[in-house]
Amino acid sequence: MASTSAASSSKSKGKAPAPVDSAEPATDVPKNKRHRKDKPWDTDDIDHWAIEAFPAPAADSHRPFTEESSFALLFPKYREPYLRSVWSSVTSSLEKVGLACELDLVQGKMTVKTTRKTWDPYIVFKGRDVLKLLARGVNAPQALKVLQDDIACDVIKIGGLVRNKERFVKRRQRIVGPNGSTLKAIELLTDCYILVQGNTVSAMGAYKGLKEVRRIVIDCMNNVHPIYRIKELMIRRELAKDPKLVNESWDRFLPKFQKRHLKTSEKTAKKNAVLERRVETHGEAGDGSATAAAAPKPKPAKKVYTPFPPAQQPSKIDLQLASGEYFLKPKEKEAIEKKKREDRQKGVAEERRAQREEAFIAPPETAEPTVHERKRKRRE
């Protein structure tokens with residue numbers, strides 16, 4: 001009997017319990033949302049993005065933190081004079097929120113830390129952001145606005161996104177635009193303050209605006225012009241004003257910019273089409289010289305195929321051995337290099353001197369023939 005009851009109990013363990021109420025309708029609920037319950041207090045009129053105020057507590061109810069938190073940041077040398085001039089105002093502003101700061105000019109370091117008067121545990125991160133913005137070139141009055149609850153900051157590193165230095169400078173200049181027009185447009189559409197400095201872009205504003213700024217900056221460094229994102233933001237701002245489109249998708253209104261790379265055959269076909277168009281237009285006008293100029297160039301003759309690889313070129317050391325330069329002393333090599341360099345400089349100097357003298361060469365003067373010369377020509 002005991003074995004029979006044990007077997008039956010083991011079988012019943014593997015089975016799921018029978019439903020208590022079979023009248024309930026079976027609904028297909030995802031596994032990750034199976035245990036969720038209704039929240040009657042969470043209604044649609046609640047703004048989850050709203051930031052509640054966190055004022056300082058009363059003096060008798062305040063208790064200091066058990067541990068001290070601090071952050072230290074380095075700043076570049078050129079920022080030292082400015083930081084010394086504004087450090088008193090920075091210190092007084094941080095004291096109002098219960099923070100202390102230090103400026104170490106020997107090590108080039110700024111430190112912010114909590115005190116016994118600090119009541120907000122997150123304010124030390126805000127103080128760190130203030131020092132970070134000061135080190136990146138933001139003015140002190142603007143950087144101190146980060147201490148407000150509705151303002152955050154984001155320092156976007158763009159130095160490692162582009163390898164080529166010239167290409168990096170061009171793309172960074174696209175963010176600024178001509179006379180700062182592009183940067184001003186981004187600031188107006190995102191309600192953020194933006195500063196392009198060196199290898200970083202510092203931004204201050206609301207969280208949604210900072211998200212858009214980071215997207216625009218990174219896309220610009222990846223060769224997507226900011227004007228596309230600016231057009232999209234402008235359309236989004238106009239669509240947000242229409243209450244009928246609140247719960248609808250805006251994809252049909254937004255522009256779709258696709259980056260398309262042409263194949264080599266497509267590029268060749270495009271060039272040939274342009275040449276043919278030019279030939280037709282000039283042919284109708286009767287311009288034979290333009291037709292001849294637009295004609296395609298003759299193809300070069302194909303090289304004869306040989307299965308053998310080309311002869312190996314002599315290396316730099318082989319050339320030095322052949323000329324005897326390899327066995328010279330370091331001073332003799334330096335003298336030879338110096339002489340070659342002076343010869344090159346002389347040649348360049350002569351060319352530049354000749355170019356400068358061309359401006360002073362008098363043009364050829366053609367005088368009109370005299371009466372005697374005219375008579376002589378008529379006789380001949």
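The preceding data block contains the structure.
About the cut-offs
- Residues numbered from 1 in each chain as written.
- Predicted model: local features only at pLDDT ≥ 70, side-chain atom pairs only at ≥ 80, totals over all residues.
- Heavy atoms only, no water.
- Helix = DSSP H or I, 4+ residues; strand = E, 2+ residues; numbered from the N terminus.
- Contact = heavy atoms within 4.5 Å.
- Salt bridge = Lys/Arg side-chain N within 4 Å of Asp/Glu carboxyl O.
- Buried < 20%, exposed > 50% of the residue type's maximum accessible area, 1.4 Å probe, protein only.
- Pairing = 2+ DSSP bridges.
- Axes fitted to C-alpha atoms, helices over the stretch in contact; angles between N-to-C directions.
- 1 Å grid on protein atoms, 1.4 Å probe; cavity = no way out; pocket = protein on both sides within 12 Å on 5 of 7 lines; lining within 4 Å.
- Points joined across faces, edges and corners; volume = space filled by probe spheres on them.
- Nonpolar A, V, L, I, M, F, W, Y, C, P; charged D, E, K, R; others polar.
- Patch = residues over 30% accessible without salt bridge, like charges linked within 9 Å, V, L, I, M, F, W, Y side chains within 5 Å.
- Areas by Shrake-Rupley, 256 points an atom, 1.4 Å probe, with all protein chains shown as cover.
- Parallel < 35°, antiparallel > 145°, perpendicular 65-115°, else oblique.
- Phe/Tyr/Trp six-rings, centres within 6.5 Å; stacked < 30°, edge-to-face > 60°.
- Lys NZ or Arg CZ within 6 Å of the ring centre and 35° of its normal.
- Core = buried A, V, L, I, M, F, W, Y, C linked by side-chain atoms within 4.5 Å.

A. Layout of the side chain of aspartate 219. Looking at the secondary structure, you find aspartate 219 in helix 7 (residues 207–221). Filtering out sequence-adjacent residues up to four positions away, aspartate 219 remains in contact with Val224 and Arg229.

B. Just the pattern of salt bridges, in detail. Taken as a whole and judged by the stated rule, the model has 13 salt bridges. One salt bridge connects glutamate 102 with lysine 113, and the closest N-O pair in it is separated by 3.1 Å. Separated by 11 residues along the polypeptide, glutamate 102 in strand 2 (residues 99–104) and lysine 113 in strand 3 (residues 109–114) bring together distant segments of the chain. Of the charged contacts in the structure, one is a salt bridge between glutamate 212 and arginine 215, with a shortest N-O distance of 3.7 Å. Highlighted residues: glutamate 212 and arginine 215, both in helix 7, separated by three residues, approximately one helical turn. Given a relative accessible area of 22%, glutamate 212 falls into the partly exposed group. With a relative accessible area of 33%, arginine 215 lands in the partly exposed category. By sharing partners, the salt bridges in this structure join Glu212, Arg215, Asp219, Arg229, Glu232 and Arg236 into a single network.

C. Region of interest: the sheet that holds strand 5 (residues 193–197). The antiparallel open sheet is built from three strands, whose spatial order is 4-6-5. Edge strands, defined here as strands with exactly one partner in the open sheet, are strand 4 (152–157) and strand 5. Neighbour to neighbour, the strand axes of the sheet diverge by 15° on average, direction disregarded. Direction of pairing for strand 4 relative to strand 6 (residues 200–205): antiparallel, over a ladder of six bridges. Its bridge partner being in strand 6, isoleucine 156 is matched across the sheet by valine 201. Strands strand 4, strand 5 and strand 6 of the sheet are contacted by helix 7, whose axis makes an angle of about 10° with strand 4.

D. Region of the structure containing the layout of surface pockets. When its volume is computed, the largest pocket comes out at roughly 340 Å³. Every residue lining the largest pocket is listed: Leu189, Thr190, Asp191, Lys208, Gly209, Lys211, Glu212, Leu233, Arg236 and Arg237. Of all elements in the fold, only helix 6 (181–190), helix 7 and helix 8 (226–240) reach the threshold of two or more residues within the lining of the largest pocket. At four residues, helix 7 tops the list of elements feeding residues into the lining of the largest pocket. Along the lines of polarity and charge, the residues of the lining of the largest pocket split into two nonpolar, two polar and six charged.

E. Representation of a nonpolar patch on the surface within the structure. Together, Trp49, Ile51, Tyr122, Phe125 and Tyr207 line one region of the surface with nonpolar side chains, adding up to about 580 Å² of accessible area. With respect to the helices and strands, tyrosine 122 occurs in the loop between strand 3 and helix 3 (123–135).

F. The side chain of aspartate 129, seen in detail. In this fold, aspartate 129 is placed in helix 3. Setting aside its immediate chain neighbours within four residues, aspartate 129 contacts Val146 and Cys153.

G. View of the packing of helix 7 against helix 8. Closest axis-to-axis distance for the helix 7/helix 8 pair is 9 Å, and the angle between their directions is 150°. Judged by the angle between their axes, helix 7 and helix 8 are roughly antiparallel. Taken together, the residues of helix 8 that come into contact with helix 7 (itself represented by Glu212, Arg215, Ile216, Asp219 and Cys220) are Pro226, Arg229, Glu232 and Leu233. Per-class residue counts for the contact of helix 7 with helix 8 are four nonpolar, no polar and five charged.

H. Geometry of the packing of aromatic side chains. What the rule picks out here adds up to three aromatic pairs. Aromatic side chains phenylalanine 71 and phenylalanine 125 sit 5.6 Å apart centroid to centroid with 50° between the ring planes, which places their arrangement in the tilted category. With phenylalanine 71 in strand 1 (residues 70–74) and phenylalanine 125 in helix 3, the pair connects residues that are 54 residues apart, well separated along the chain. Of the residues examined, phenylalanine 71 reaches a relative accessible area of 24% and is grouped as partly exposed. For phenylalanine 125, a relative accessible area of 31% translates into the label partly exposed. Here the aromatic rings of tyrosine 326 and phenylalanine 327 are separated by 5.6 Å at their centres, their planes lie at 90°, and the arrangement is edge-to-face. A connected cluster of aromatic rings, assembled from ring pairs, spans Phe71, Tyr122 and Phe125. Sitting over the ring of tyrosine 326, lysine 333 keeps its end group 6.0 Å from the ring centre.

I. Inspection of the nonpolar core at higher detail. Core analysis: the largest hydrophobic core is formed by 30 residues, its most contacted members being Leu133 and Leu134. Those elements that provide at least two residues to this core are helix 2 (80–96), strand 2, strand 3, helix 3, helix 4 (140–143) and strand 4. In terms of residue count, the dominant contributor to this core is helix 3 (seven residues). Within the second largest apolar cluster, 22 residues are counted, among which are Ile156, Val162, Ile175 and Ile186.

J. Focus on unusual backbone geometry. Of note, the phi angle at aspartate 191 is positive, near 55°, even though the residue is not glycine. Despite not being glycine, asparagine 223 shows a phi value in the positive range, around 70°. Mapped onto the fold, asparagine 223 is located in the loop between helix 7 and helix 8.

K. Structural context of the sheet that holds strand 3. Spatially, 1-3-2 is the arrangement adopted by the three strands of the open sheet, whose pairing is antiparallel. Either end of the sheet is taken by a strand with one partner, and the two such strands are strand 1 and strand 2. Along the sheet, successive strands turn relative to each other by an average axial angle of 15°, direction set aside. Against the sheet, helix 2 contacts strand 2 and strand 3, and its axis sits at roughly 165° relative to strand 2. Where helix 3 meets the sheet, it contacts strand 1, strand 2 and strand 3, and its direction lies at approximately 165° from that of strand 3.

Remember that the coordinates give geometry; whether it matters functionally is a separate question.
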